[in-house]
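Single-letter residue listing:
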Amino acid sequence: MAIELNHTIVPVRDKEESARFYETIFGFAHQEPMGHFQPIHLASQSLTLDLDNREVVEHHHYAFKVSEPEFDEIFGRIREAGLKYGSGPRSSADMEINTRNGGRGVYFRDPSGHLLELITRDYA
């Protein structure tokens with residue numbers, strides 16, 4: 001049996017606001033609440049990000065590999081939303097993208113401050 005990641009809990013300040021953000025920017029499906037979690041589903045996998053309200057949110061880093069056309073679509077929505085973005089984890093607001101490994105990448109933050117990354121090529 002192949003092992004795959006099925007779900008992970010993402011601590012957020014407001015799970016409804018975060019679900020709308022991920023739905024708007026990435027196009028992820030926002031599902032019915034499951035207990036106190038607000039799952040959002042990544043259609044290309046059997047993976048959900050289970051959003052959970054927290055008083056204090058420790059910021060995490062989530063990287064998403066996308067195709068070149070998907071990068072264009074998502075990056076367009078990032079700019080349309082007026083989000084700050086950047087070329088690296090320590091330069092996440094320099095309003096530039098990177099071209100590492102012959103692909104493209106960009107970093108930006110979600111409403112709870114998590115650092116999100118889009119890449120079109122693996123780092124390996």
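The following refers to the structure shown.

## Here's the deal with the sheet that holds strand β6 (residues 85-86)
- Pairing within the open sheet is mixed, and its four strands lie in the order β5-β8-β7-β6. Edge positions in the sheet fall to β5 (61-65) and β6, since each has one partner strand and no second.
- Pairing between β5 and strand β8 (residues 115-119): five bridges, direction parallel. Within the sheet, the bridge partner assigned to F64 lies in β8 and is L118.
- Helix-sheet contacts for helix α2 (residues 68-80) involve β6, β7 (105-109) and β8, and the interaxial angle to β7 is about 35°.

## Concerning the sheet that holds strand β1 (residues 7-12)
- An order of β1-β4-β3-β2 is seen for the four strands of this open sheet, with the pairing classed as mixed. With partners counted over all chains shown, the strands left at the sheet margins are β1 and β2 (29-30), one partner each.
- Here β2 runs beside strand β3 (residues 38-42); their pairing, made up of two bridges, is antiparallel. Its bridge partner lying in β3, H30 is registered against I40.
- Packed onto the sheet, helix α1 (residues 15-26) meets β1, β2, β3 and β4 (47-53) and runs at close to 15° relative to β3.

## Overview of the environment of R104
- Position of R104 relative to the elements: it lies in the loop between β6 and β7.
- Dropping the residues within four chain positions of it, R104 is found in contact with E68, F71, D72, I97, N98, T99, L118, I119 and T120.
- For R104, the side chain forms a polar contact with the side chain of D72, separated by 2.7 Å.

## Comments concerning α2
- In this model α2 runs 18 Å from its N-terminal to its C-terminal C-alpha over 13 residues, within 8% of the 18 Å that 1.5 Å per residue would give.
- Of all the positions in α2, only F71, I74, F75 and I78 are classed as buried. For α2, the angular spread of buried residues about the axis comes to 100°, placing them on one side. Away from its buried face, by an angle of more than 90 degrees, α2 presents the exposed residues P69 and E80.
- Contacts from the buried residues of α2 go to α1, β6, β7 and β8.

What counts and what doesn't
Throughout this description, residue numbers start from 1 for each chain and increase along the sequence as written. At least 70 in pLDDT is required for a residue's local features to be given in this predicted model, at least 80 for side-chain atom pairs to be given and counted, and no such filter applies to totals for whole chains, interfaces and linings, which use all residues. Side-chain numbers come from the whole structure's heavy atoms, not from hydrogens or water. We treat two strands as partners when DSSP finds at least two bridges between them. Elements are defined by DSSP. Helices are runs of H or I of four residues or more, strands are runs of E of two residues or more, and each kind is numbered from the N terminus. Contacts are residue-level and defined by heavy atoms, with any inter-residue pair within 4.5 Å sufficient. To obtain each axis, a line is fitted to C-alpha atoms, and for helices this fit is confined to the stretch in contact; angles are then taken between N-to-C directions over 0 to 180 degrees. Side-chain atoms alone can form a polar contact between residues adjacent in sequence; in general such a contact is a pair of N or O atoms within 3.5 Å, and within protein one must be able to donate a hydrogen while the other accepts it. Take the number of residues in a helix, subtract one, and multiply by 1.5 Å to get its expected span. Throughout this description, buried means an accessible area under 20% of the type-specific maximum (1.4 Å probe, protein chains only), exposed means over 50%, and partly exposed covers the range between. Of all possible arcs, the one meant is that of the directions from the helix axis to the C-beta atoms.

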